[in-house]
Amino acid sequence: MSIGSPMSVIATIMNSATGQPIQKMTFGRMPKPWTSFNLATGELVTADRVHVGKPAPGKFIAPVEVWVTLKS
């Protein structure tokens, strides 16, 4: 796994309906809850909410989840 720029945020895109992860995505900065972006499938989605978790013990990077609702 390559690391992006120092300020990039690696987030897990989560399906709001099923609670299952869809894909990983790198953002240039922390995504806002109203941001729109394209998934790997090409579908345009809007973030419902952004959840920042607690880092694992001894780790610096906090897990970030972006919850989206798929249209299909």
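About the thresholds
- Residues numbered from 1 in each chain as written.
- Predicted model: local features only at pLDDT ≥ 70, side-chain atom pairs only at ≥ 80, totals over all residues.
- Heavy atoms only, no water.
- Helix = DSSP H or I, 4+ residues; strand = E, 2+ residues; numbered from the N terminus.
- Rg over C-alpha atoms; globule rule 2.2 N^0.38 Å.
- Buried < 20%, exposed > 50% of the residue type's maximum accessible area, 1.4 Å probe, protein only.
- Contact = heavy atoms within 4.5 Å.
- Areas by Shrake-Rupley, 256 points an atom, 1.4 Å probe, with all protein chains shown as cover.
- Core = buried A, V, L, I, M, F, W, Y, C linked by side-chain atoms within 4.5 Å.

Q: Explain the overall build of the chain to me, please; I cannot follow it from the model alone.
A: The number of helices and strands found in the chain is zero helices and five strands. Listing each helix as α and each strand as β along the chain from the N terminus yields β-β-β-β-β. Over its C-alpha atoms the chain spans a radius of gyration of 12 Å, differing by no more than 12% from the 11 Å that the globule rule assigns to 72 residues. With the principal axes as the frame, the chain shows a C-alpha extent of 40 × 25 × 20 Å. For the chain, the proportion of its 72 residues judged to be buried stands at 29%. Within the chain, counting contacts between residues at least 6 apart in sequence, those at least 24 apart form 30% of the total. Working note: accessible area of the chain is about 5200 Å², and carbon and sulfur atoms make up 62% of it.

Q: Just to check I follow, could you spell out the nonpolar core for this structure?
A: General note: in soluble globular proteins, nonpolar side chains tend to be found buried as a group. Counting residues in hydrophobic clusters, the biggest one holds twelve residues: Val 9, Ala 11, Ile 13, Met 25, Phe 27, Phe 37, Leu 39, Val 45, Ala 47, Val 64, Val 66 and Val 68. Within the residue set of this core, elements represented by two or more residues are strand E1 (9–15), strand E2 (21–27), strand E4 (44–52) and strand E5 (64–68). In this structure, Met 25 is in contact with Val 9, Ile 10, Ala 11, Ile 13, Phe 37 and Asn 38, ignoring residues within four places of it in sequence.

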